[in-house]
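Spelled out from the first residue to the last, the chains are:
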Amino acid sequence: GEGDEALNAFQNAVALLPEDPYIRRQLGLAYLRRGMFDEAQPELEAVLSNEPTYVDAYRDMAALFRAQNMLAVAIGWLEQAIGIVPDYDPLYVDLVELHLLTDRPDEAMELLGTVLDRWPETTWAHYRLGHLQHQLKAYELAEVSFKRSLELNPNLKHAQAFLGNVLYEQEKFDEAIVAYREAINRDPKDHRSINNLAWVYAVLGDQDQLDEGIRLSRRSLRLDPESATYLDTLAELYFRKSQFTKAVEIIRYAISLGPEDPGLREHLANQLRKFMAADQGKV
C-alpha cells in the first residue's frame, strides 16, 4: 500500500538494470496502476524492444490503451501478440472480450471458432460462445455450448443458470426447471436463478407450482429487495392465482422504484394495465 515507495524502488531498479525486461515491465505496470499512461508506455515498449516474445507485455500494452478507451489500438496489440505467440490462451480471452466491447460479434465468433478448432476442450471458449449465441438468439446452439462447457467443467460457475435461460427461451420448461434448481443448489444465494425459476412456475400456471413460485419469489426479494424485475415476477404469480388486487399493489410498487431500463418500464406499465383490467372484472 505504499505506492510512492514502490514506484521509487522500481525506478531505482531500472536505473541499475535497464536491460532487464522483467524489471522494466514492473515499472511500467506501476505507472499503469497509478494512471500515469505517458510514463507507462515507453517502459512497456522498452520491454518488447529487449524481449519481443514477452507475451504478457503485449497484454499490458493492450490494458494500457484499454484504460485510455483506445480499444482499436488495444486490439491491435493483442493481434500482434497472437501472431508472435499463437498458443498463449489468455490472449484469446482478452481479444474476445475486446471484440464484444467494440460491438464486433462476428469477429468474436470467428475467434472463438479458431480457438475451438485448435483446442476443442477449451472450457472458457464454449462458455463464452454460449453467451454470444444467446445474445444473437441462437438458443439451440447456445444450449449445446453451455452443455459442453459443463461436460468439461461440471462446477463451472453460473453455467447451469445460463443453460436454464436458453432452455426457457426454447420453451423447454421442464429442462429449464432442472437447470435452475441445480444452479440454486450450487449457489443458494443465486437470486437471479431463484427468480427465473419462480417465473417459469408463473408461466406454467399449475396451482401447486404457483404457491412454490411465490415462496421462491419472496426468497429472491429477500436477497434483492428493490428489484423491479423480481417484484414483477411476484405480481405475475399473484395474478395467475387470481389475486388481482395484490398483483396491482405489487406492480405499482415496482413502478415506483423507477427502473432505468425503458423496456422494463414499458413492460411494468403493460402489466399494471393487465392486472387492473382483471381486478375490475374485464378479464
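This one's a predicted model, so the numbers in the text were calculated from it and none came from an experiment.

Asker: Which residues make up the environment of Val96, and what are the values?
Answerer: Along the chain, the position of Val96 falls in helix α6 (residues 89-101). A C-alpha to C-alpha distance of 8.0 Å links Val96 and Glu107, two positions eleven residues apart in sequence. When residues no more than four places from it in sequence are discounted, the contact partners of Val96 are Ala108, Leu111, Leu112, Trp124 and Arg128.

Asker: Summarise the packing of helix α2 (residues 21-33) against helix α4 (residues 55-67); cite the residues concerned and give the values.
Answerer: Packing of α2 against α4 leaves a shortest axis separation of 11 Å and a crossing angle of 20 degrees. When the interaxial angle is binned, α2 and α4 end up roughly parallel. Here the hand of the crossing between α2 and α4 comes out left-handed. Along the contact surface, α2 presents Arg25, Leu29 and Leu32, while α4 presents Asp56, Ala57, Asp60, Ala63 and Leu64. Considered class by class, the residues forming the contact of α2 with α4 number five nonpolar, no polar and three charged.

Asker: How would you sum up the layout of surface pockets? Please name residues and give values.
Answerer: Quantified by volume, the largest pocket comes out at close to 380 Å³. Every residue lining the largest pocket is counted, 15 residues in all, and those nearest its centre are Asn165, Tyr180, Asn195, Asn196 and Thr229. Of all the elements in the fold, those that place two or more residues in the lining of the largest pocket are α10 (159-169), α12 (191-204) and α14 (228-240). Per element, the largest residue contribution to the lining of the largest pocket is five residues, and it comes from α12. Within the lining of the largest pocket, the residues separate by chemical class into six nonpolar, six polar and three charged. Size it by volume and the second largest pocket reaches roughly 170 Å³. Breaking the lining of the second largest pocket down by element, the ones donating at least two residues are α10 and α12.

Parameters at a glance
- Residues numbered from 1 in each chain as written.
- Predicted model: local features only at pLDDT ≥ 70, side-chain atom pairs only at ≥ 80, totals over all residues.
- Heavy atoms only, no water.
- Helix = DSSP H or I, 4+ residues; strand = E, 2+ residues; numbered from the N terminus.
- Contact = heavy atoms within 4.5 Å.
- Axes fitted to C-alpha atoms, helices over the stretch in contact; angles between N-to-C directions.
- Parallel < 35°, antiparallel > 145°, perpendicular 65-115°, else oblique.
- Left-handed = near helix turned anticlockwise from the far one by under 90°.
- Nonpolar A, V, L, I, M, F, W, Y, C, P; charged D, E, K, R; others polar.
- 1 Å grid on protein atoms, 1.4 Å probe; cavity = no way out; pocket = protein on both sides within 12 Å on 5 of 7 lines; lining within 4 Å.
- Points joined across faces, edges and corners; volume = space filled by probe spheres on them.

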